[in-house]
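A look at the structure
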Amino acid sequence: MARQRHRNDKFETSTGAKSGAKSGAGAATEAPGAELAALQHRAMTAYRAGRPVEALEACRAILALLPDRPDVLGFAGMLALETGAETEAVGYYRRALAQKPDFVEAHYNLANGLKRLGRLEEAAAAYRAALLLRPELMPAHHNLATTLLALGRAEEAVGAFERALASEATAAGERDLGLALEQLGRLDNAIAAYRRALALPNARADIYSNLANALLMRGDAAAARDACQRWLERVPGSVEGTALLALSLRELGDERGASALLDFDRFVQVVDFEAPPGYESLAAFNAALVAQVESDPSLKVPDKDHPTYHNDALEKTGELLLEPPKGALAALERMMRDAVGRYIASVPRTPPHPFPAHFPPRWIFSCWATRLKGEGNLAPHVHFDGYIGGVYYPLLPDVVAQGAGEAGWFELGRPPERLNLKAAPVTRRIQPKPGRMLLFPGYFFHDTVPFSSTQRRISIAFDVMPRP
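Let us look at the structure shown here. (Residues numbered from 1 in each chain as written. Predicted model: local features only at pLDDT ≥ 70, side-chain atom pairs only at ≥ 80, totals over all residues. Heavy atoms only, no water.)

1. Some thoughts on the overall build of the protein
What counts, and what does not: Numbering goes from the N terminus for both helices and strands, where a helix is a DSSP run of H or I of at least four residues and a strand is a run of E of at least two. The buried label applies to any residue whose accessible area, calculated with a 1.4 Å probe on protein chains only, is under 20% of its type's maximum; exposed applies above 50%, and partly exposed to all values in between. Contact criterion: two residues are considered in contact whenever any of their non-hydrogen atoms come within 4.5 Å of each other. Accessible surface area values rest on a Shrake-Rupley calculation with a 1.4 Å probe, where residue burial reflects the displayed protein chains alone.
A tally of regular secondary structure across the protein gives 19 helices and 11 strands. By principal-axis analysis of the C-alpha atoms, the protein measures approximately 85 × 55 × 40 Å. Burial statistics for the protein: of 468 residues in total, 52% are counted as buried. A separation of at least 24 residues holds for 68% of the contacts in the protein among residues at least 6 apart in sequence. A total of about 21300 Å² of accessible surface is found on the protein, and carbon and sulfur atoms cover 52% of it.

Following this line, the structure appears as structure tokens:
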């Protein structure tokens, strides 16, 4: 994979009583030689010892004495990028380029910093500036291409990817070329790029995701099945690999194979809770949970490019369990842990099945909440990292909790529309209720049935993920 940054892990500073050297347009700067030597030694020693924050502090001190040295500015920029200080890094690289406009590495790393900050048009311009000076800088071609792709300029991205791949074929480059071709509707070419990627050394297994999805969209379910099977040989228990295999089997008419994987009776559990200790009623517990969710500072409408959760009427929190939870959320975590423990213990192991065969021996939770106002629904999706999925409902509109129809119900088994599958899906719908928790395999596609209401709907979802 192309490196994201060119290193400049050494620099020169005068250790005499005065520095009379000029750097680009920089004027000569006087500085005590002993102090400069000590700071340079500190910066290099800290960097080589893996302490970039300390090295950056030393560079700041050097720049206070010698503010216009491109080599020092470039080194400080590299350290700032390594420590996540992208805005500071951009400033250093711009100052370096003001002194030395032909500083190729500064153009390239400036682009990397701008890209991290989401300033994509500026990043593309900086990558192009680096390539004007050094056309053979292949990582710049690749990073320019991914930037153009993020900007929606797929045709330009294809050309940049092809230039990078002409010099060095990499699995990441071929995969990203495939993504650009897919955006242009050139599905056959995209599939060919994904296949080339997988044939290269050190190809990541998740490239099978790109290949299998593209094959299903093209209508080649047999090839998609084969790709999923190879994927699962490399990553047994892969959530998305199993999900797409089940869809491929149903599309091929293998109802027995598909139904064995999507066995709702065997693998879906519904748990209705009573009030946990410390709460006088389930309603009081749920009200406390709602108050915690609605006061969470991370609750907001997800970005427009969110693959699952963007909806103007939907807000989502960040991770709720980064810190030890308190109050009602702590009680809910205990309920989740107990329910998952019972789930793992009670799911039948016979007949043999790949899902229980790969239960993680140790696991952790990822947990977040959503609040939906008015009408809306979630499109079919899987959670790629969650081996077991779950959801708890503390607050529901009346039309969902008490309605006679199935508006707002939780649905399992429906595939995404983008795959254009022909086979009719086999689905199951479950009515949400306050105090109800649902548990299911992470590879089951799931969604919600559309509903319309003026009342709020709050759900707390979680994934059970293998502990590293």
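2. Describing the pattern of salt bridges
Filter applied, for reference: Salt bridge, as applied in this entry: a Lys or Arg side-chain nitrogen positioned within 4 Å of an Asp or Glu carboxyl oxygen.
One pass over the structure, following the stated rule, counts 28 salt bridges. Three or more residues joined by partner-sharing salt bridges are found here, namely E121, R128, R153 and E156.

3. So, the side chain of S248
Counting through the fold element by element, S248 comes out in helix α13 (residues 239-251). The buried category is assigned to S248, whose relative accessible area is 0%. Here S248 is in contact with L216, A221, A224 and R225, once residues within four sequence places are set aside.

4. As for the pairing of strand β9 (residues 436-441)
This is how the line gets drawn: DSSP-based pairing: two strands are paired if at least 2 bridges between them are found.
Of all 6 residues in β9, 6 are buried; the element is thus mostly enclosed. Where strand β6 (residues 388-395) lies against β9, 5 bridges are found, and the strand directions are antiparallel. From the neighbouring strand, Y392 faces β9, where its bridge partner is M437.

5. Describing the sheet that holds strand β7 (residues 410-412)
The strands that make up a sheet are held in pairs by hydrogen bonds between backbone atoms, and each pair lies either parallel or antiparallel. As a reminder, the rule being used: An axis is simply a line fitted to the C-alpha atoms; with a helix, the fit covers only the stretch in contact. Between two such axes, the angle follows the N-to-C directions and lies from 0 to 180 degrees.
Pairing within the open sheet is antiparallel, and its 3 strands lie in the order β8-β7-β10. Each having just a single partner strand, β8 (428-430) and β10 (446-448) make up the two edges of the open sheet. With direction set aside, neighbouring strand axes in the sheet form an average angle of 25°. Across 3 bridges, β7 lies against β10 in antiparallel orientation. Opposite E411, over in β10, you have D447 as the bridge partner.

6. Description of helix α16 (residues 282-294)
To keep it simple, the criterion reads: One fewer than the residue count of a helix, multiplied by 1.5 Å, yields its expected span. As used here, the arc is the angular range of directions from the helix axis to the C-beta atoms.
In this model, α16 (13 residues) spans 18 Å end to end at C-alpha, consistent with the 18 Å of a helix rising 1.5 Å per residue. Buried within α16 are the following residues: F285, N286, L289, V290 and V293. One side of α16 holds all its buried residues, which, seen down the axis, span an arc of 140°. At its buried positions, α16 is contacted by α17 (327-346), β5 (363-373), β6 and β11 (456-466).

7. Description of the sheet that holds β5
Read across the open sheet, the 6 strands follow the order β3-β9-β6-β11-β5-β4; overall the sheet is antiparallel. Both outer strands of the open sheet, β3 (269-272) and β4 (314-316), are each paired with one neighbouring strand and no more. Strand-to-strand twist across the sheet, computed as the mean angle between neighbouring axes with direction ignored, equals 20°. Each of β5, β6 and β11 touches α16; the most contacted strand, β6, lies at about 105° to it.

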